[in-house]
Amino acid sequence: MNTPHKIGFVSLGCPKATVDSEQVITQLKAEGYDIVPSYDEADMVIINTCGFIDSAVEESLDTIGEALHANGKVVVTGCLGARSEMIKEKFPTLLAVTGPHAKDEVMQAVHKNFPAPHDPFFDLVPKQGIKLTPRHYAYLKISEGCNHRCSFCIIPSFRGDLVSRPINQVMQEAAHLTNAGVKEILVISQDTSAYGVDVKYATHFWEGQPLKTKFIDLAKALGQLGVWVRMHYVYPYPHVDDVIPLMAQGLILPYLDIPFQHASPKILKLMKRPGNRERVLERIHAWREVCPELVIRSTFIVGFPGETEDDFQQLLDFIAEAQLDRVGCFMYSPVKGAAANELPDHVPEEIKQERYDIFMQAQQVISTAKLKQRIGQTMKVLVEEETDEGYVGRSYADAPEIDGLVYIETDQVLALGEFHQVEVVDTDEYDCYAVLSALLSSHT
C-alpha cells in the first residue's frame, strides 16, 4: 500500500472559518491523506486565511510567507483568498488560491499535486467529521453569507448573500456530534436569527418531526439533544423573543451573543446597521423578566468615522443601562474595500485609543459588579483543563476563547470534558473562582 501523502493545515480566523477547515480536513482524511502538525513533515500545506481586518490580513500574509519559506508547496483558501490577484502577485509560486467555503476547489488543488490515496467511503472517518475543537464542544454552522451590507464589513463580498442549510441536515450533524460525545454545541453563522429567510422557512423532516428552517424551530429541536446549546451572532429581531422562554425552561443555554456595534442612531445609520437604542433596551429588559439568568455578550466599535463625543457618550449611556454581561470592543480599522472608508470625519488614532480605554474601563466596572453577584451560587461547569491548583472550566455564561473562566480549587480528580457542580467563592473583573459543590458532581 502506498504511503499516504501528508498535508499540513493552518486554520486562521473566526469559528465560521474553523468549520470550513474541519470540512476540508474531513474530506482529506476520508480520501486517505494524513494531517501533520509541522511544515517540514508535510508534502504540501493548506492555509485557511482571514481577511476581515488589517491585523488579520497581516497575520494571514505572514503565515503564507512562512509556509512558503519552510515548505514551498502551499494552497491558500479562506476569506483573504477572495483577493486572489493581490495574493498571487505577492506570492507567485503558490499552487492555488481559492476563496472561502471552497472545499471542492481546495480538493481539486490537492488532487492535482498529490492524487488521493483511495476513493473516499463514508465510514473511513467519524460521522461527525474531523473537528479542530476539543472533543467536548463543537461549532455548528447553520448558514453561509449575509444579507446585511454593514459599511465597515466586507464579509458579504467574500461569502455572498445568506444561504441557509436545510434544517434536517443541520440537525443530523448535531445528532452525530452529540452521539460522538460532544457536550456543547455552539451555533454560528453571520446572522443566526435570519436563518431560513432565504428559503422562506422551508419545512423538512428530522426524526419524523416537521421542522421549519427557522431560528425558533432550530432552537426547539436542538433543545431535545440534552447538551448545552449556545447561540452566537444573533440580531435582536422581534422573533428572538420567542426563544427566551426556551432558555428559561433550560432547553438551550440562557446566553445570547448579539453584535450591537454601537448605540448612537447616527452612527448606526452610517454603519448601515439595524437597531433602535430604546427598542433594544426595552427588549433586553423584557428578556430578563422572562429569563433572569440570561447572559448577553456583545461587541462594539469605537472611533467609527463621524463619531463625535456625543455619539460616544450615547454608547457609554447604553452600556450603563443595558448592563451587558460580556463585552468586547474594537477601535475602527479601515478595512480595504469597506464602504466606510469613504465616509468623512475619520477619528484620529489617539482619540480612538482614548475612547477605547474609557469604554473598557466603564464595562469592567459593570462586569465586576455582575460577577460579584455570583458569589455563593452553585453552578454547573464544563471542566476543560487541569492546573497546579485544580482545574479550569466554563459555566453557561462563558463561551470558549472569548469569555471568562471558572477556576476550581480542588484536590479531587475531575474528568476533563465533563460537567461538575461548583460553588463560586470569589470573582474578579472577568473570571470566577470556585470550589466543588457539596452536591454530587453531574456527568450528564
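See the structure shown above.
These numbers come from a predicted model, not from an experiment.

**Overview of the overall build of the protein**
Looking only at helices and strands, one finds 12 helices and 20 strands in the protein. For 444 residues, the compact-globule estimate of 2.2 N^0.38 gives 22 Å, and the C-alpha radius of gyration of the protein, at 23 Å, lies within 12% of that figure. Across its three principal axes, the protein shows a C-alpha extent of roughly 60 × 60 × 50 Å. For the protein, the proportion of its 444 residues judged to be buried stands at 55%.

**Quick word on the sheet that holds strand 3 (residues 44-49)**
In spatial order, the strands read 2-1-3-4-5; together these five strands make up an open sheet with parallel pairing. Of all the strands in the sheet, just strand 2 (34-36) and strand 5 (96-97) have a single pairing partner and so form its edges. Strand direction decides the pairing type here: strand 4 (residues 74-78) and strand 5, joined by two bridges, are parallel. Residue pairing for strand 5: Val76 is matched across the bridge by Val97. Across the sheet, helix 2 (residues 54-70) touches strand 1 (6-11), strand 3 and strand 4, and the angle it forms with strand 3 is around 180 degrees. Across the sheet, helix 4 (residues 103-113) is in contact with strand 1, strand 3, strand 4 and strand 5; its angle to strand 3 comes to roughly 165 degrees.

**Concerning a negative patch on the surface**
Among the surface-exposed residues, Asp54, Glu58, Glu59, Asp62 and Glu66 lie close enough to one another that they form a single negatively charged patch. Inspection of the secondary structure puts Glu58 in helix 2.

**Topic: the nonpolar core**
Ranked by size, the top nonpolar core spans 56 residues in total, and within it Leu256, Phe318 and Phe359 carry the most contacts. Discounting chain neighbours no more than four positions away, the residues touching Phe359 are Phe300, Val302, Phe312, Leu315, Leu316, Ile319, Val327 and Cys329. Judged by nonpolar contacts, the second largest core, of 22 residues, contains Val295, Ala397, Ala399 and Leu436.

**Some remarks on the packing of helix 6 (residues 167-179) against helix 7 (residues 215-222)**
Across the interface, helix 6 lies against helix 7 with an axial gap of 11 Å and an inter-helix angle of 25 degrees. Viewed along their axes, helix 6 and helix 7 adopt a mutual orientation that is roughly parallel. Here the hand of the crossing between helix 6 and helix 7 comes out right-handed. Two secondary-structure elements touch here, helix 6 through Ile167, Val170, Met171 and Ala174 and helix 7 through Asp217, Leu218, Ala221 and Leu222. Broken down by class, the residue content of the contact of helix 6 with helix 7 amounts to seven nonpolar, no polar and one charged.

**A word on the pattern of salt bridges**
What the rule picks out here adds up to 18 salt bridges. When the shortest N-O distance is used, the salt bridge between Glu173 and Arg165 registers 2.7 Å. The salt bridge partner of Arg230 is Glu184, with a shortest N-O separation of 2.7 Å. Pair noted here: Arg230 is in strand 12 (residues 228-231) and Glu184 is in strand 9 (residues 184-188), with a separation of 46 residues, a long-range link. A network of salt bridges, in which partner residues are shared, links Glu184, Arg230, Glu384 and Arg394.

**Some remarks on the side chain of Arg277**
Inspection of the secondary structure puts Arg277 in helix 10 (residues 277-290). Within the structure, Arg277 has its side chain in polar contact with the side chain of Glu278 (distance 2.5 Å). For Arg277, the residues in contact, after removing those within four places along its chain, are Ala263, Gln314, Asp317, Phe318 and Glu321.

**Looking at the packing of aromatic side chains**
Scanning all chains against the criterion turns up 10 aromatic pairs. For the pair Phe260 and Phe318, a centre-to-centre distance of 5.6 Å together with 75 degrees between the ring planes defines the contact as edge-to-face. Of this pair, Phe260 sits in the loop between strand 13 (255-257) and helix 9 (265-271) while Phe318 sits in helix 11 (residues 309-322), and the two are 58 residues apart along the sequence. Across this residue pair, the class does not change: Phe260 and Phe318 are buried. Joined through ring pairs, the aromatic side chains of Phe260, Phe300, Phe318 and Phe359 make up one cluster. When the ring centre of Tyr201 is taken as reference, the NZ or CZ atom of Lys214 above it lies at 5.0 Å. Over the ring of Tyr137 we find Arg394; its NZ or CZ atom is 5.3 Å from the centre of that ring.

**Let's talk about helix 12 (residues 349-372)**
For helix 12, spanning 24 residues, the distance from its first C-alpha to its last is 34 Å, which sits close to the expected 34 Å at 1.5 Å a residue. Restricting attention to buried positions, one finds in helix 12 the residues Lys352, Arg355, Phe359, Met360, Gln363, Ile366, Ser367, Lys370 and Leu371.

**Looking at unusual backbone geometry**
The phi torsion at Tyr233 lies on the positive side, around 55 degrees, for a residue other than glycine. Summarising the element assignment, Tyr233 is placed in the loop between strand 12 and helix 8 (244-248). The phi torsion at Glu401 lies on the positive side, around 75 degrees, for a residue other than glycine. Along the chain, Glu401 falls in the loop between strand 17 (390-394) and strand 18 (406-409).

**A word on the state of the cysteines**
Under the counting rule described, the total for this entry stands at zero disulfides. Between Cys79, a free cysteine, and Cys50, which holds the nearest cysteine sulfur, the sulfur-to-sulfur gap is 6.1 Å. The thiol sulfur of Cys329 is not disulfide-bonded, and the nearest other cysteine sulfur, from Cys150, lies at 16 Å. Overall, Cys329 belongs to the buried group, its relative accessible area being 10%.

**A word on the sheet that holds strand 19 (residues 419-427)**
If you walk around this closed barrel you meet the five strands as 16-17-18-20-19, and the pairing is mixed. Between one strand and the next, the sheet's axes are offset by a mean angle of 50 degrees, whatever the strand orientation.

Procedures and definitions
- Residues numbered from 1 in each chain as written.
- Predicted model: local features only at pLDDT ≥ 70, side-chain atom pairs only at ≥ 80, totals over all residues.
- Heavy atoms only, no water.
- Helix = DSSP H or I, 4+ residues; strand = E, 2+ residues; numbered from the N terminus.
- Rg over C-alpha atoms; globule rule 2.2 N^0.38 Å.
- Buried < 20%, exposed > 50% of the residue type's maximum accessible area, 1.4 Å probe, protein only.
- Pairing = 2+ DSSP bridges.
- Contact = heavy atoms within 4.5 Å.
- Axes fitted to C-alpha atoms, helices over the stretch in contact; angles between N-to-C directions.
- Patch = residues over 30% accessible without salt bridge, like charges linked within 9 Å, V, L, I, M, F, W, Y side chains within 5 Å.
- Areas by Shrake-Rupley, 256 points an atom, 1.4 Å probe, with all protein chains shown as cover.
- Salt bridge = Lys/Arg side-chain N within 4 Å of Asp/Glu carboxyl O.
- Lys, Arg positive; Asp, Glu negative; His and termini not counted.
- Charge placed at Lys NZ, Arg CZ, Asp CG, Glu CD.
- Core = buried A, V, L, I, M, F, W, Y, C linked by side-chain atoms within 4.5 Å.
- Parallel < 35°, antiparallel > 145°, perpendicular 65-115°, else oblique.
- Left-handed = near helix turned anticlockwise from the far one by under 90°.
- Nonpolar A, V, L, I, M, F, W, Y, C, P; charged D, E, K, R; others polar.
- Polar contact = N/O pair within 3.5 Å; in protein donor to acceptor, adjacent residues only side chain to side chain.
- Phe/Tyr/Trp six-rings, centres within 6.5 Å; stacked < 30°, edge-to-face > 60°.
- Lys NZ or Arg CZ within 6 Å of the ring centre and 35° of its normal.
- Expected span 1.5 Å × (residues − 1).
- Disulfide = S-S within 2.5 Å.

It is worth stressing that arrangement in space is one thing and function is another; only the former is reported here.
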